[in-house]
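One-letter residues, chain by chain:
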Amino acid sequence: MTTFRRRVAEWRSPSLRRATLWVPQWFPQVAVFNVPQEAAMAFPHLQQPSFLLASLKADSVNKPFAQRCQDLAKVIEDFPAKELHAIFPWLVESIFGSLDGVLVGWNLRCLQGRVSPVEYSIAMEFLDPGGPMMKLVYKLQAEDYKFDFPVSYLPGPVKASIQERVLPDSPLYHNKVQFPPTGGLGLNLALNPFEYYMFFFALSLITQKPLPGTLHIRTSDCAYFILVDRYLSWFLPTEGSVLPALSSSPGGPNPSPAPRTPTMPFASYGLHHTSLLKRHISHQTSVNADPASHEIWRSETLLQVFVEMWLHHYSLEMYQKMQSPHAKESFTPTEEHVLVVRLLLKHLHAFSNSLKPEQVSPSTHSHATSPLEEFKRAAVPRFVQQKLYLFLQHCFGHWPLDASFRAVLEMWLSYLQPWRYAPEKQAQSSDCQARCVSERWAPFVQENLLMYTKLFVGFLSRALRTDLVSPKNALMVFRVAKVFAQPNLAEMIQKGEQLFLEPELVIPHRQHRLFTAPTFTGSFLSSWPPAITDASFKVKSHVYSLEGQDCKYTPMFGPEVRTLVLRLAQLITQAKQTAKSISDQCGESTAGRPFLSWLGFCSTDTNGSYAANDLDEMGQDSVRKTDEYLEKALEYLCQMFRLSEAQLTQLTLALGTTQDENGKKQLPDCVVGEDGLILTPLGRYQIINGLRRFDIEYQGDSELQPIRSYEIASLVRVLFRLSSAINRRFAGPMAALCSRADFLGSFCRYHLTEPGLADRHLLSPVARGCAARRPRGPRLSLRFLGSYRTLLSLLLAFFVASLFCIGPLPCALLLVLGYLLYAVAMTLLTERSKLHHL
C-alpha cells in the first residue's frame, strides 16, 4: 500500500509531471524522456490518465483482493473526477464481468460469507450504497460525464425497437440513443455514471453464467442477492419521506447531483399503448422537469433499470406470438433470476405500503405531497405491472413441469398479496376476522385482475399435467389454493370480473372513452391525473392494456374454469389413493420378502420395480405430507368454488378411481381392440402422471434377458455357453425324462422347465404370436450361479462349516443333500397343487 501511495504521489506531483514521464515498474525498460513532447511522440496513444489505469490493471493481477480494494478506495478518495473517469468503465467491468459473459469479474453471485468471509466482507463494504464505489459514481456524476453502453446487450424488445429507429416506451432510454459516426458499428446509449453502474449491476444477473460446481449455492446467501436488498432499502426507503443522506469527504463535490439531462415527467409513466411507441428516435424531445423531481431521480432510475433488465424480455406482440406451440423461446429465465425478481416485488410492496393512510388515496393528493410519496403510489402500477404480467405468462407457459417451478409460484403469490407487506400486518391478531383480506385492497385486486384470474387458469393447466403424488407438486397446489381461499379474496375477484363484464351500454357517458395510455406530457409535479372513479372503466383499462382490446376473457368463476377445478379435484383424489397404494406396496414388498431369497434359493424379481415418483425414495413421511397437502388443497378449492361433497363423490366414481376388492389399483383406462388393449386419452394421462400402470414383466427368454446389476457379467456369459452346450448335447434324454409320468418325471420337470411359462398372461399380441412360434423344451439353466447373492451365500455356508471343523468336501455334500430334500418337497407340493386345480 505504501509503495502504491508513493507512486501515486510522485505521479500527481506537478514538478515531476513537468520534468519526467513516470513508467510503471512492470512496463518494459525504456528510456525516460525529460520533455513531455518527447513522451507524447514516443507514446502517442497514451494520455496521462492511461497510466493510472495501467497501474490498476497490473495490480489486479499481482496483488491480493483485499489489497486491491484498499488501493481502489484510496485512489477514489484522492484523485479528481477528471482522472477517475478513464478507469470507471474498466472498474465496473472488472467487478460485474463483461456483458458477453466472458469475464466473470468478482463473481458476486457465488460469493458467500460463510465460505469466503474475508472477501465477502471486503466486497460488500466496497460496493455498499455508502461505500467507495458509490462515492466514485457521485464524483463522476457531478461533472456530467457520459459513458457509452452498447444497445446490442439490452433486452430483446428494447434492442429491436431501437434498431428499428423506434423510441422505446420507457423514459429510461429517452435522450440517450447515440447514432454511430460514419463508419461506426452499432448503436449506443449515452448513460450518466449512476445509470451505467446500475445497468452493469442488473445485467450481470443475466449475462454471467454460474461456474461449474456452484449449482447448489443458496441464492439468498450470495453477495449479489444481499446487494440487491441493500440497494432497494437505500434507494426505495420504507421509512421516512426522504432518501438517506450520502456522506461526502470535506471539501469534495456535493453528493448525488441530479443528472443534467431532463428526466421524463412522472405523470407520463402510464399504461403503454402501441401508438405511443411509434415515435422515431430522431424526435427525442426534452421535457422541462420540475426541479423537485431531482429528489428521487436515483430511486426512479434504480427501479426502471431493475424492471427493464430483469422483466422486459417480452413485449405484448412477442407474447402473442409465443402463444403458438411452434414459437421459439427468445429468453429463458433461471431460478436465481426469479428469486431476485421476487425480492424486488416484496420490497416494492413494502415501499408502496409505507405511505401514510391519508396519502394513499389519489383524491387527497396536493402540491404539498413530496415526490417520494408520489413515487410510492405509482411505483407498482406504472413501472412493474405490464412487464411482470408478460414475464409471468411466459414462465407459466414454458417453465419445465418440475419442482423448480416453485420459485415462479412464490414470486407470483408474493405479488398477489401486498397486504402481507403492509405495516398493519404486524399488529394483526391471530383470530379469523383479522386474517380476512381488507376491503382496502379491493382496488389493487381489481386493477390487477388478470394477475389473479388468467394466471390462476394457467396454473390449473400446469397442475393438471403434473404428478400430484409428488410431495413437491402437492405442496404447490396447496400453496395456491390456500392463498386464493383467504376470506374475502374470492369475493373481491368476483366483483372485479363483474365490473369488467358489465356491458358498456349501461353507462352512456363512457362510450366516447378510449382505453389508451396518457400522453407523454406534463410536468413532474403537475396535478395528479384526475382520479377515475368509474371502477368498471379502470378494470377494463387494465385488461385491455395487457391483452389488447380484442382479447377473449375467461371468467375465473365461470363454467369453463369450474370444469378445470373439478378435474383437478378428481386428480387430487386419485393422487391420494395412488400415494396410499404405493405406500402399501412398499410395505408389502419389504415384509413379504422370503428369507430363502437372500440365500439364492428362491427366484428373484427379474422385472424390476416401478418408481412412479419420489415417494419410493422418501418413504412414509412423504406419503403423510402428500396426503395433508392434497387434503387441505381440496378443502380450499371446495370452499372457494363452492363444491359439494356429493359432486366430488359422483365425479370420482365417474372417473373410475375406485379400488378393486383387493385394494389394488385398476389398469389404465383402455378399450379392447382386435390386437388387444388400446389406451384411451384418459389412460395415457393416468400412465404419464403415475396414477395407474400396467404390471410390466419380462416375457421373453429368461436366459436372454439383460444382465442385472447383481450378476457378474463375465460369469453369466460363461455359464450361458456351458448350459447351452449341455442342452444341445443332452436334449433328447432330458425330453425323455420330463415326459415320464412317475416321480422322476415330476422331479425333472420341476428343474428343467419353466413352470409359469404356459400360464403366463401375455398382454402384447405381438409377444403372444412370437411365444407361439418359439416352443421351448426342457433345458438346464446355470445362470443362478452368476449372482453375487448366490456366491456370497455359498461362501457364508463354507465359512460357518469351517467353524464346526467341517471341510469343504463334506460341506458341499451336505449342501447338495439339503437341496435334494428341498427339491423333493417342492416337487411333491407342485404335483399336489396341479391335481387340486384339475
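Below or above, wherever it landed, is the structure these notes cover. (Residues numbered from 1 in each chain as written. Predicted model: local features only at pLDDT ≥ 70, side-chain atom pairs only at ≥ 80, totals over all residues. Heavy atoms only, no water.)

**Remarks on the packing of helix α7 (residues 88-96) against helix α11 (residues 193-207)**
Next, step 1: At a minimum axis distance of 10 Å, the contact between α7 and α11 shows a crossing angle of 20°. Accordingly, the angle class assigned to the pair α7 and α11 is roughly parallel. The interaxial crossing formed by α7 with α11 has right-handed handedness. Together, Phe88, Pro89, Val92, Glu93 and Phe96 of α7 and Pro193, Tyr196, Tyr197, Phe200, Phe201 and Ser204 of α11 make up the contact between the two elements. (Axes fitted to C-alpha atoms, helices over the stretch in contact; angles between N-to-C directions. Helix = DSSP H or I, 4+ residues; strand = E, 2+ residues; numbered from the N terminus. Parallel < 35°, antiparallel > 145°, perpendicular 65-115°, else oblique. Left-handed = near helix turned anticlockwise from the far one by under 90°. Contact = heavy atoms within 4.5 Å.)

**Looking at the pattern of salt bridges**
Next, step 1: Going through the model one piece at a time under the given rule, you end up with 18 salt bridges.
Next, step 2: Between Arg109 and Glu336 there is a salt bridge; the shortest N-O distance is 2.6 Å. Here Arg109, found in the loop between α7 and α8 (117-127), pairs with Glu336, found in helix α16 (residues 335-353); they are 227 residues apart in sequence, far enough to count as distant. (Salt bridge = Lys/Arg side-chain N within 4 Å of Asp/Glu carboxyl O.)

**Concerning the nonpolar core**
Next, step 1: By size, the foremost hydrophobic cluster in this structure holds 173 residues, and its most contacted members are Leu108, Tyr197, Met198, Phe306, Trp310, Trp412 and Phe456.
Next, step 2: The leading source of residues in this core is helix α18 (residues 371-398), at 13 residues.
Next, step 3: With sequence-adjacent residues up to four places away left out, Met198 is seen in contact with Met134, Tyr231, Phe235, Leu302, Val305 and Phe306. (Core = buried A, V, L, I, M, F, W, Y, C linked by side-chain atoms within 4.5 Å. Buried < 20%, exposed > 50% of the residue type's maximum accessible area, 1.4 Å probe, protein only.)

**A short note on the packing of helix α5 (residues 65-78) against α8**
When two helices pack together, their arrangement is given by the angle between the helix axes and the distance between those axes.
Next, step 1: In contact at an axis separation of 10 Å, α5 and α8 are set at 15° when each is read in the N-to-C sense. Taken together, the axis directions place α5 and α8 in an arrangement best described as roughly parallel. Note on packing geometry: the crossing formed by α5 with α8 is left-handed. Note on element contacts: α8 touches α5 through Glu119, Ile122, Ala123 and Phe126, opposite Phe65, Ala66, Cys69, Leu72, Ala73 and Ile76.
Next, step 2: A per-class count over the contact of α5 with α8 returns 9 nonpolar, no polar and 1 charged. (Nonpolar A, V, L, I, M, F, W, Y, C, P; charged D, E, K, R; others polar.)

**Some details on helix α12 (residues 223-235)**
Next, step 1: The terminal C-alpha atoms of α12, which comprises 13 residues, lie 18 Å apart, in line with the 18 Å expected from a rise of 1.5 Å per residue.
Next, step 2: Listing the buried residues of α12 in full gives Ala223, Tyr224, Phe225, Leu227, Val228, Tyr231, Leu232 and Phe235.
Next, step 3: Of the surrounding secondary structure, the elements contacted by the buried residues of α12 are α8, α9 (132-142), α11, α14 (297-311) and α16. (Expected span 1.5 Å × (residues − 1).)

**Some details on helix α23 (residues 489-501)**
Next, step 1: Here α23 contains 13 residues, and its C-alpha end-to-end distance of 19 Å stays within 8% of the 18 Å for a straight helix at 1.5 Å per residue.
Next, step 2: By the burial criterion, the buried members of α23 are Leu489, Ala490, Met492, Ile493, Gly496, Glu497, Leu499 and Phe500.

**A short note on the sheet that holds strand β3 (residues 188-191)**
Where strands meet in a sheet, backbone hydrogen bonds hold them as pairs that are either parallel or antiparallel.
Next, step 1: Read from one edge to the other, the open sheet built from 3 strands follows the order β1-β3-β2, with strand pairing classed as antiparallel. Strands with a single pairing partner mark the edges of an open sheet, and in this sheet they are β1 (147-150) and β2 (177-178).
Next, step 2: Pairing of β1 with β3, which is carried by 4 bridges, proceeds in the antiparallel orientation. Looking across to β3, one finds that Asp148 is bridged to Ala190.
Next, step 3: Packed onto the sheet, α11 meets β1 and β3 and runs at close to 30° relative to β1. (Pairing = 2+ DSSP bridges.)

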